[in-house]
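Single-letter residue listing:
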Amino acid sequence: MSDFIAQLNDVGHQYEEGPEIFKKVTFDIESGSFYFLTGPSGAGKSSLLKMLYLGLKPTWGSLRLFGEDPLKMKPSSLPFLRQKLGVVFQEFKLLDYLKVIDNVSLPLRVRGIEARQARKHAEELLNWVGLSDALNVYPSILSGGQKQRVAIARAIVTRPQLLLADEPTGNVDDEIALKLLHLFEELNKMGTTVIIATHNQNLLEKSPNPLLIIKEGTIIKTSPQRKSS
Amino acid sequence: MKNRQDLPLTHDIAARFLPIIVGLMVYLGCLCCVFTFFVFDATHSWKKQLTTHVTIEIPRLPSESSDTLQARVLQLLNKTPGIRQAAAVPQRELESLLTSLVGTTSSMDLPSLPVLIDVALTEEEPIDIENLEAHLKNMDAQIQLMDHRAWQAQVLTLIQATIVLTSTLTLLVLLTALIATKFAVRTSLLIHRHVIDILHLIGATDEYIARQFQIHILKQGLVASTLGAALAFLTFWGIMFLLENIGFSFAFKATFFVQAFCVFTLAPFMTSFFMMFFARHTALKGLYT
Ligand SMILES: Nc1ncnc2c1ncn2[C@@H]1O[C@H](COP(=O)(O)OP(=O)(O)O)[C@@H](O)[C@H]1O
Ligand SMILES: [Mg+2]
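What comes next is a walk through the structure.

What counts, and at which threshold
- Residues numbered from 1 in each chain as written.
- Chains lettered and ligands numbered in written order.
- Predicted model: local features only at pLDDT ≥ 70, side-chain atom pairs only at ≥ 80, totals over all residues.
- Heavy atoms only, no water.
- Salt bridge = Lys/Arg side-chain N within 4 Å of Asp/Glu carboxyl O.
- Helix = DSSP H or I, 4+ residues; strand = E, 2+ residues; numbered from the N terminus.
- Buried < 20%, exposed > 50% of the residue type's maximum accessible area, 1.4 Å probe, protein only.
- Donors = N, O, S within 2.8 Å, 3.2 Å for Na, K, Ca; no water.
- 1 Å grid on protein atoms, 1.4 Å probe; cavity = no way out; pocket = protein on both sides within 12 Å on 5 of 7 lines; lining within 4 Å.
- Points joined across faces, edges and corners; volume = space filled by probe spheres on them.
- Nonpolar A, V, L, I, M, F, W, Y, C, P; charged D, E, K, R; others polar.
- Pairing = 2+ DSSP bridges.
- Axes fitted to C-alpha atoms, helices over the stretch in contact; angles between N-to-C directions.
- Patch = residues over 30% accessible without salt bridge, like charges linked within 9 Å, V, L, I, M, F, W, Y side chains within 5 Å.
- Areas by Shrake-Rupley, 256 points an atom, 1.4 Å probe, with all protein chains shown as cover.
- Near = heavy atom within 4 Å.
- Polar contact = N/O pair within 3.5 Å; in protein donor to acceptor, adjacent residues only side chain to side chain.
- Contact = heavy atoms within 4.5 Å.

Some details on the pattern of salt bridges
In total, this model carries eight salt bridges over all chains according to the counting rule given. When the shortest N-O distance is used, the salt bridge between Lys221 of chain A and Glu30 of chain A registers 3.1 Å. With a gap of 191 residues between them, Lys221 of chain A in strand 9 (residues 218-221) and Glu30 of chain A in strand 2 (residues 20-30) connect regions that are remote in the sequence. For Arg280 of chain B, the salt bridge is made with Glu207 of chain B, and the minimal N-O distance between the two is 3.1 Å. Remark: Glu207 of chain B occurs in helix 7 (residues 206-245) and Arg280 of chain B occurs in helix 8 (residues 254-288); sequence separation between them is 73 residues. Judged by its relative accessible area of 22%, Arg280 of chain B is partly exposed.

Notes on the coordination of the magnesium ion (ligand 2)
Residue and element names in this part refer to chain A. Protein-derived coordination of the magnesium ion (ligand 2) comes from Ser46 (OG) and Gln90 (OE1), at a distance range of 2.0 to 2.3 Å. You can see Ser46 sitting in helix 1 (residues 45-52) and its partner Gln90 sitting in the loop between strand 5 (85-88) and helix 3 (100-110), a full 44 residues away along the chain. Residue classification places Ser46 among the partly exposed positions, given a relative accessible area of 26%. Relative accessible area serves as the criterion here: at 37%, Gln90 is assigned to the partly exposed category.

So, the layout of surface pockets
Each pocket or cavity is described by its volume, and for the largest pocket that value is around 970 Å³. Considering the residues around the largest pocket, the lining is formed by 33 residues, among which Leu54, Leu78 and Arg82 of chain A together with Asp197 and His200 of chain B are closest to the centre. Sorting the residues of the lining of the largest pocket by element identifies helix 1 and helix 2 (78-82) of chain A together with helix 5 (149-191), helix 6 (193-201) and helix 8 of chain B as the ones contributing at least two each. The biggest single contributor to the lining of the largest pocket is helix 6 of chain B, with seven residues. Classifying every residue of the lining of the largest pocket by side-chain character gives 19 nonpolar, six polar and eight charged. Size it by volume and the second largest pocket reaches roughly 460 Å³. Around the second largest pocket, the lining comprises 17 residues; the ones closest to its centre are Lys47, Leu50, His53, Leu121 and Glu123 of chain B. Contributing elements (two or more residues each) for the lining of the second largest pocket: helix 1 (14-49) and helix 5 of chain B. Among the elements that line the lining of the second largest pocket, the one with the most residues is helix 5 of chain B, at four residues.

A closer look at the side chain of His200 of chain B
Looking at where His200 of chain B falls in the secondary structure, it is placed in helix 6. Overall, His200 of chain B belongs to the buried group, its relative accessible area being 16%.

Comments concerning the sheet that holds strand 5 of chain A
Residue and element names in this part refer to chain A. The strand order 5-6-7-3-8-9 describes an open sheet built from six strands, whose pairing is mixed. Looking at which strands have only one partner, the edges of the open sheet turn out to be strand 5 and strand 9. Along the sheet, successive strands turn relative to each other by an average axial angle of 15 degrees, direction set aside. Bridge count for strand 8 (residues 211-215) against strand 9 is four bridges, and the pairing is antiparallel.

A closer look at the environment of Ile5 of chain A
Here Ile5 of chain A shows up in strand 1 (residues 4-14). Along the primary structure Ile5 of chain A and Ser62 of chain A are separated by 57 residues, whereas in three dimensions their C-alpha atoms are 14 Å apart.

Observations regarding empty space enclosed by the protein
Residues and elements named next belong to chain A. Across all of its chains, the model carries three cavities of 30 Å³ or more by this definition. Its boundaries defined by the atoms lining it, the largest cavity holds a volume of some 90 Å³. When contributions to the lining of the largest cavity are tallied by element, the ones reaching two or more residues are strand 5 and helix 5 (144-156). For the lining of the largest cavity, the element with the highest residue contribution is strand 5, accounting for three residues. Here the lining of the largest cavity is composed, by residue class, of six nonpolar, two polar and three charged.

Considering a nonpolar patch on the surface
All names here are of chain B. A cluster of nonpolar side chains, Phe17, Leu165, Leu169, Leu172, Leu175, Ile179 and Phe183, forms an exposed patch at the surface whose accessible area comes to about 630 Å². With six residues, helix 5 is the largest single contributor of residues to the nonpolar patch. Along the chain, Ile179 falls in helix 5. Note on Ile179: relative accessible area 39%, which makes it partly exposed.

Section: the sheet that holds strand 4 (residues 144-147) of chain B
Residue and element names in this part refer to chain B. Strand order in this open sheet of four strands is 2-3-1-4, and the pairing throughout is antiparallel. Sheet topology places strand 2 (83-88) and strand 4 at the edges, where each strand pairs with a single neighbour. Pairs of neighbouring strands in the sheet enclose a mean axial angle of 20 degrees, with direction left out of account. As defined by bridge partners, strand 2 adjoins strand 3 (residues 115-121) across five bridges and the pair is classed as antiparallel. Note on strand 3: the bridge partner recorded for Ala87 is Asp118.

What to know about the site of ligand 1
All names here are of chain A. What surrounds ligand 1 is the set Tyr15, Pro19, Ile21, Pro40, Ser41, Gly42, Ala43, Gly44, Lys45, Ser46 and Ser47. Taking Tyr15, its side chain carries an N or O atom lying 3.3 Å from a nitrogen atom of ligand 1. Tallied by class, residues from the shell around ligand 1 come to five nonpolar, five polar and one charged.

Side note on the interface of chain B and chain A
One widely used convention gives an interface's size as the accessible area the parts lose upon coming together. Facing 17 residues of chain B, the contacting portion of chain A comprises 21 residues. We note a salt bridge from Asp6 of chain B to Arg109 of chain A, for which the minimum N-O separation is 2.3 Å. One can count four residue pairs in polar contact (both at pLDDT 80 or more) joining chain B with chain A. A per-element tally of the side of chain B that touches chain A places helix 6 of chain B first, with five residues. Here the residues of the side of chain B that touches chain A sort into eleven nonpolar, four polar and two charged.

A word on helix 3 of chain A
Within helix 3 of chain A, eleven of the eleven residues are buried, which leaves the element mostly enclosed by the surrounding structure. Of all the positions in helix 3 of chain A, only Val100, Ile101, Asp102, Asn103, Val104, Ser105, Leu106, Pro107, Leu108, Arg109 and Val110 of chain A are classed as buried. The inward-facing, buried residues of helix 3 of chain A abut helix 4 (115-128) and helix 5 of chain A together with helix 6 and helix 7 of chain B.

Observations concerning the environment of Gly191 of chain A
Residues and elements named next belong to chain A. Within the secondary structure layout, Gly191 lies in the loop between helix 6 (174-189) and strand 7 (193-197). Taking C-alpha positions, Gly191 is 9.0 Å from Arg159, a pair spaced 32 residues apart along the chain. Among residues more than four places away in sequence, those in contact with Gly191 are Gly32 and Gln161.

The following block contains the structure:
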C-alpha cells in the first residue's frame, strides 16, 4: 500500500447550481497524520470531506484513496473502500428509528460483525464518550451535543484507517471539545489518520497539528509544530 | 433479543398493502390450483370409464334373421382391427332405460326394439370407420353406425381448455403477488432513499441493504400467504362439505386429496420464497442505478 492515505491532484469542484469551490487543489495526506481542515464558513470544508468520503465526485482532477482511484473502481467495490473510513457528518446523519446503541453498532454490523459483539463494542465506546445513560433512547430526544457524541462514537467504533470529522465540536462546550480532541489524538496514536474540519480557534490553538487551510479555491498545507497565531 | 432491522420497513405505507394483496392472491391461487387438479383427475377417470366410442344399431327383423345378423355383425366387428371390445347391450338394460324415460312399457311392442352394440376402440391401432360402415351397410342397409368420438373429443377439448385456463390463472395470480412485491420494494427504496444513502456512506454494501428487504419481504410473505392458504383450505373444506350434503356422487380419489393438501401447505412457502428472490433482485437493481 502507498504511504499516502489520500492524494488529490488538480482537483476542482463546481456545484451544478452553485459556486465553483475549488479550482486546482493538490495535496497528499500521509498515513498516520493528523490535520485540521480550516477556513471561513462556506469555504468548502464540508465539500472537501465529502469528496474524501466519496459522497461528492470531483468535477475535474484526480483523487486517490488508499492508493486506489475510486472514480475508476467498480461501484460494487466502493463500499469496501468506505469501510476503511469513519465519518462524523456535520449534520450527524443519525438514524432516528434506531436506538443510540444500535446507531453506534450499525457500522460494525454492516461490516459483518455479529450483532451481540457489535453491541458490546458500541456500549464501551458510548460509556467512554459519557453517554452510558442514553444507550437505549432514540436520537431524536438527545441534545445537539449528545447527538454529536453519538455520531463520533459511530464514526470511530470500527477503528477506521481514516477518520473524517466535520465540525465535531460545533455543538459542545470547550471542556467536552477538549476531551473529544484528546480522543481523536488517542485514536491517531493508534494509527488512524485524522482530518478534522473546524473553525474552533480554541481547538486549533490547543493542538500542535498541521493545518489544511482553504483559501480562495486552493488549499495551503502548514507544517506541524507551527506557532499559534 | 428482538430481531433488529436496519431499515424502518415495517412502518411503510408500501408495506401495508403487500400482505393484503399477497394473502388474497394466495387464497385465489390455491383454490384455482386445487380446482385444476380436480378437473384433471375427474377427466382422467372419466376417460378411463369411457368404454363406448361407437354404437351400432341393428333394426329388429323377423326373429331368425335378426339373430343371425347380429352374430354376423359381431363376427365382423371382432375381426376389424382397432376394436378392443364389442358387445350387444342386453335387452333388459334397454327396457329399463326406456321404462325410466317413458314410465311404463306395457303398451309397447318390446321385441321391436333395435339391437344396440357398444363398441370400444383401442388406442394402439387406428380404425377405418368408413370401411366398417360400408361393410355393415352391405350386410343390411338399415344398420346404423353412430360415432360418439366427435362429441367426446369436443368435451375433452373443453375440459382441457378449462385446465389450461385455470392453471394460467394460478400462474397469473402468483405473478400478481410478485409484481406487487416488486412495486412495494421499489416504493420502499424511494421512501428510504435518504436512509439508504446514509447506510452506503457508513460502508454498507448493496448486498447488505438488499438483505434487509429480502428478510422483511420473506417474513411478510410467509405470514400473508399462510393466512391466504389457511382461508383457502377452509373454503375448500366448506365446498366439500356442501357437495357431500347435496349428494354429489363424484367419487374423489385419495390422490386428489393428497394433491390438494400439497397445494395448501406448499403454496405459502413457494410464494414467499419467490417473493424473497424477487425482492432481492428488485432491491439490488434499484440500488445499483
Ligand atoms: N449541494 C450543494 N449545492 C450547491 N451548492 C452547495 C451545495 N453544498 C454546498 N454548497 C455551497 O458550496 C460552498 C461550500 O460549502 P461547504 O462545503 O458546506 O462549506 P463549509 O463547510 O466550509 O462551510 C458554499 O457556498 C455552499 O453554499
Ligand atoms: Mg461545513
